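Each chain, written out:
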Amino acid sequence: MLNIVLVEPEIPANTGNIARTCAATGAVLHLIKPLGFDISDKAVKRAGLDYWHLVDVRVYENLGAFFAQTGAEDLWLLTTKAPRAYTEARFSPDCWLLFGKETKGLPEELLAKHYDRCLRIPIRSEARSLNLSNSVAVVAFEALRQQAFPHLREYGAMTTWQNKEP
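First things first, this report covers the structure right here in the doc. What you see is a predicted model; the values in this text were computed from it and never measured.

## Details of the layout of surface pockets
Point 1. In this structure, the largest pocket encloses a volume near 640 Å³.
Point 2. Lining the largest pocket are 26 residues, and of these T80, R128, S129, L130 and S135 sit closest to its centre.
Point 3. A breakdown of the residues in the lining of the largest pocket according to their chemical character gives 11 nonpolar, 9 polar and 6 charged.

Here is the structure:
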């Protein structure tokens, strides 16, 4: 199962969009505190996140607690400072995709420790980065594509309107 890890996310709309991606794909969403928003049932309902019940959300007090509780090993760290593109990685079905907070990214010491597992999304040099939720979607779907989209429904069947003659 694909694991999406957000380290200290700050913007609720980004996390909401990422949660929707997790709901649609079956990926587990791991949130590492501090969070820049409230994810209580009341707050989620007020925000209108009607898919929240489809997301397996796990919350950790800090990065140390995350590693202690999960034993995560097949890590891929996404950063604009990475030496190679995400398309060069070979993602396993149970990999962990780590994304940092919107304003600072992942901690430098974590990036240094896992330098050979750092990936970037190629973009124009004039642009700082993609939005966090877009970045998660791009890399998550590449990981799922490499696994032939396990457990996801196919849209290959022709519909009635496609069968009609012009």
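## Some remarks on the packing of aromatic side chains
In this description, an aromatic ring pair is defined by two values, namely the gap between the centres and the angle between the planes.
Point 1. Inspection of every chain in the model, using the stated rule, returns 4 aromatic pairs.
Point 2. Grouped by ring-pair contacts, the aromatic residues Y60, F66, F67 and W96 constitute a single cluster.
Point 3. The ring of W76 is capped by R117, whose NZ or CZ atom sits 3.7 Å from the centre of that ring.

## Thoughts on unusual backbone geometry
Point 1. Cis geometry marks the peptide bond from K33 to P34, where omega comes out at 5°.
Point 2. Structurally, P34 is set in the loop between β2 (28-32) and α2 (41-46).
Point 3. Positive phi is not limited to glycine here, since A148 has a value of about 65°.
Point 4. Assignment of secondary structure puts A148 in the loop between α5 (132-146) and α6 (160-163).
Point 5. Even without being a glycine, H151 presents a positive backbone phi close to 65°.
Point 6. Mapping H151 onto the fold places it in the loop between α5 and α6.
Point 7. By relative accessible area, H151 is classed as exposed at 84%.

## Side note on the side chain of H30
Point 1. Position of H30 relative to the elements: it lies in strand β2.
Point 2. Among the polar contacts made by the side chain of H30, one reaches the side chain of Y60 at a distance of 2.8 Å.
Point 3. The contact partners of H30, leaving out residues within four places of it in the chain, are N3, I4, V5, L6, R58, Y60, F66 and W96.

## Observations regarding the nonpolar core
Point 1. Of all hydrophobic cores here, the largest spans 31 residues; its most connected members are L2, I4, L6, L29, F91, L97 and F99.
Point 2. The contact partners of L2, leaving out residues within four places of it in the chain, are A27, V28, P93, C95, L97, A140, A143 and L144.
Point 3. Counting residues in each nonpolar core, the second largest holds 16 residues, with L63, F66, L110 and L111 among its members.

## Comments concerning the packing of helix α1 (residues 12-25) against α5
Relative orientation and spacing of two packed helices are given, respectively, by the angle between their axes and the distance between those axes.
Point 1. One can describe the packing of α1 onto α5 by two numbers: an axis separation of 8 Å at closest approach and a directional angle of 20°. Between α1 and α5, the interaxial angle falls into the category roughly parallel. Remark: the crossing between α1 and α5 carries right-handed chirality. Of α5, the residues touching α1 (which contributes N14, N17, I18, T21 and T25) are L132, S133, V136, A137, F141 and L144.
Point 2. When the residues that make up the contact of α1 with α5 are grouped by side-chain class, the tally is 6 nonpolar, 5 polar and no charged.

Reading guide: rules and limits
Residues numbered from 1 in each chain as written. Predicted model: local features only at pLDDT ≥ 70, side-chain atom pairs only at ≥ 80, totals over all residues. Heavy atoms only, no water. 1 Å grid on protein atoms, 1.4 Å probe; cavity = no way out; pocket = protein on both sides within 12 Å on 5 of 7 lines; lining within 4 Å. Points joined across faces, edges and corners; volume = space filled by probe spheres on them. Nonpolar A, V, L, I, M, F, W, Y, C, P; charged D, E, K, R; others polar. Phe/Tyr/Trp six-rings, centres within 6.5 Å; stacked < 30°, edge-to-face > 60°. Lys NZ or Arg CZ within 6 Å of the ring centre and 35° of its normal. Helix = DSSP H or I, 4+ residues; strand = E, 2+ residues; numbered from the N terminus. Buried < 20%, exposed > 50% of the residue type's maximum accessible area, 1.4 Å probe, protein only. Polar contact = N/O pair within 3.5 Å; in protein donor to acceptor, adjacent residues only side chain to side chain. Contact = heavy atoms within 4.5 Å. Core = buried A, V, L, I, M, F, W, Y, C linked by side-chain atoms within 4.5 Å. Axes fitted to C-alpha atoms, helices over the stretch in contact; angles between N-to-C directions. Parallel < 35°, antiparallel > 145°, perpendicular 65-115°, else oblique. Left-handed = near helix turned anticlockwise from the far one by under 90°.

Keep in mind that these numbers describe shape and distance, not what the molecule does.
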